[in-house]
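Notes for the structure review
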Amino acid sequence: QVSLVESGGGLVQAGGSLRLSCAASGGTFSRFAMGWFRQIQGKEREFVASISRGGGTTNYGDSVKGRFTISRDNAKNTVFLQMNSLKPEDTAVYYCNLLDGWVSTDYWGQGTQVTVSS
């Protein structure tokens, strides 16, 4: 059974940075693409970024392009999300997800709260 645990969220001022981590266990991490999603209270979960199995291909949601960077360390079974130039509208719970191809699966972490103050 795959387990995903996010960390690194917190409170930051607008313009600041945070680095989220998602540690995976219980599966062969390097076999799967990974993604980050976020959910603002009262809204549907939104795609943020994804990365291929080897890390050579990345995709980003339009609202975060140029500000966020996804990366992974397969030796440590961890995927990262570096978030720069944060805006109040980035405030959300951020989740990592194991992808089947480029499609989200039912494997989600518990989420980590990111709050950006203006």
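Throughout, a residue's number is its position along its own chain's written sequence, starting from 1. Since the coordinates come from a predicted model, pLDDT governs what is reported: local features require at least 70, and pairs of side-chain atoms require 80 or more to be given and counted, while whole-chain, interface and lining totals use all residues. Here the side-chain values reflect all heavy atoms present in the structure, with hydrogen atoms and water set aside.

1. Quick word on the sheet that holds strand β1 (residues 3–7)
With respect to topology, four strands assemble into an open sheet ordered β1-β3-β8-β7, the strand pairing being antiparallel. Only two strands of the sheet have a single neighbouring strand rather than two, namely β1 and β7 (68–73). Direction aside, the axes of adjacent strands within the sheet are offset by 15° on average. At least two DSSP bridges between two strands are needed for those strands to be called paired. Every helix listed is a DSSP run of H or I at least four residues long, and every strand listed is a run of E at least two residues long, numbered separately from the N terminus. Relative to strand β8 (residues 78–83), strand β3 (residues 18–25) is paired through six bridges, and the arrangement is antiparallel. Bridge assignment links L20 to a residue of β8, and that residue is L81. The convention used is that axes are lines fitted to C-alpha atoms, helices contributing only their stretch in contact, and that angles between N-to-C directions extend from 0 to 180 degrees.

2. Some words on the environment of S3
Position of S3 relative to the elements: it lies in strand β1. Accessible area is worked out with a 1.4 Å probe on protein chains only. A residue is then buried under 20% of its type maximum, exposed over 50%, and partly exposed in between. The class of S3 is partly exposed, set by a relative accessible area of 32%. Discounting residues that sit within four places of it in the chain, S3 has contacts with A23, A24 and S25. A contact between two residues is defined here by any heavy atoms of the two lying within 4.5 Å.

3. Brief notes about the nonpolar core
Grouped together as the largest cluster of nonpolar side chains are 26 residues, with contacts concentrated most on W36, L81, M83 and Y94. Put simply, the parts of the chain that give this core at least two residues each are β3, β4 (33–39), β5 (46–51), β7, β8, β9 (92–100) and β11 (112–117). The set of buried Ala, Val, Leu, Ile, Met, Phe, Trp, Tyr and Cys residues whose side-chain atoms join them within 4.5 Å is what this entry labels a nonpolar core.

4. Digging into unusual backbone geometry
The phi torsion at N77 lies on the positive side, around 55°, for a residue other than glycine. Among the secondary structure elements, N77 is positioned in the loop between β7 and β8. With a phi close to 50°, S85 is a non-glycine residue in the positive phi region. Relative to the helices and strands, S85 resides in the loop between β8 and β9.

5. Structural notes on the pattern of salt bridges
In the sections that follow, a salt bridge refers to a side-chain nitrogen of Lys or Arg positioned within 4 Å of a carboxyl oxygen of Asp or Glu. Here the structure, examined in full by the defined rule, presents four salt bridges. Notably, a salt bridge pairs K65 with D62, separated by 3.2 Å at the nearest N-O pair. Judged by relative accessible area, which is 66%, D62 ranks as exposed. Residues joined by salt bridges that share partners form a network here, namely R38, E46, R67 and D90.

6. Notes on the pairing of β8
Counted residue by residue, β8 has five buried out of six residues, so it is predominantly covered. As judged from the six bridges shared by β7 and β8, these two strands associate in the antiparallel manner. Paired with I70 across the two strands is L81, which belongs to β8. With antiparallel pairing between neighbouring strands as the criterion, β7 and β8 make up a hairpin whose turn holds four residues, including N77 at a positive phi of roughly 55°.

7. With respect to empty space enclosed by the protein
Buriedness of a pocket was judged along seven lines, with at least five required to meet protein on both sides within 12 Å; pockets are open sets of points on a 1 Å grid over the protein atoms alone, cavities are sets where a 1.4 Å probe fits but cannot get out, and lining residues have an atom within 4 Å of a point. Grid points are joined across faces, edges and corners, and a volume is the space filled by probe spheres set on the points. Tallying each qualifying case throughout the model produces one cavity of 30 Å³ or more. Size it by volume and the largest cavity reaches roughly 50 Å³. The wall of the largest cavity is formed by V2, A24, S25, G27, T28, F29, F32, M34 and L98. Amino acids outside the nonpolar list (Ala, Val, Leu, Ile, Met, Phe, Trp, Tyr, Cys, Pro) and the charged list (Asp, Glu, Lys, Arg) are all regarded as polar, and Gly is one of them. Looking at the lining of the largest cavity, its residues break down into six nonpolar, three polar and no charged.

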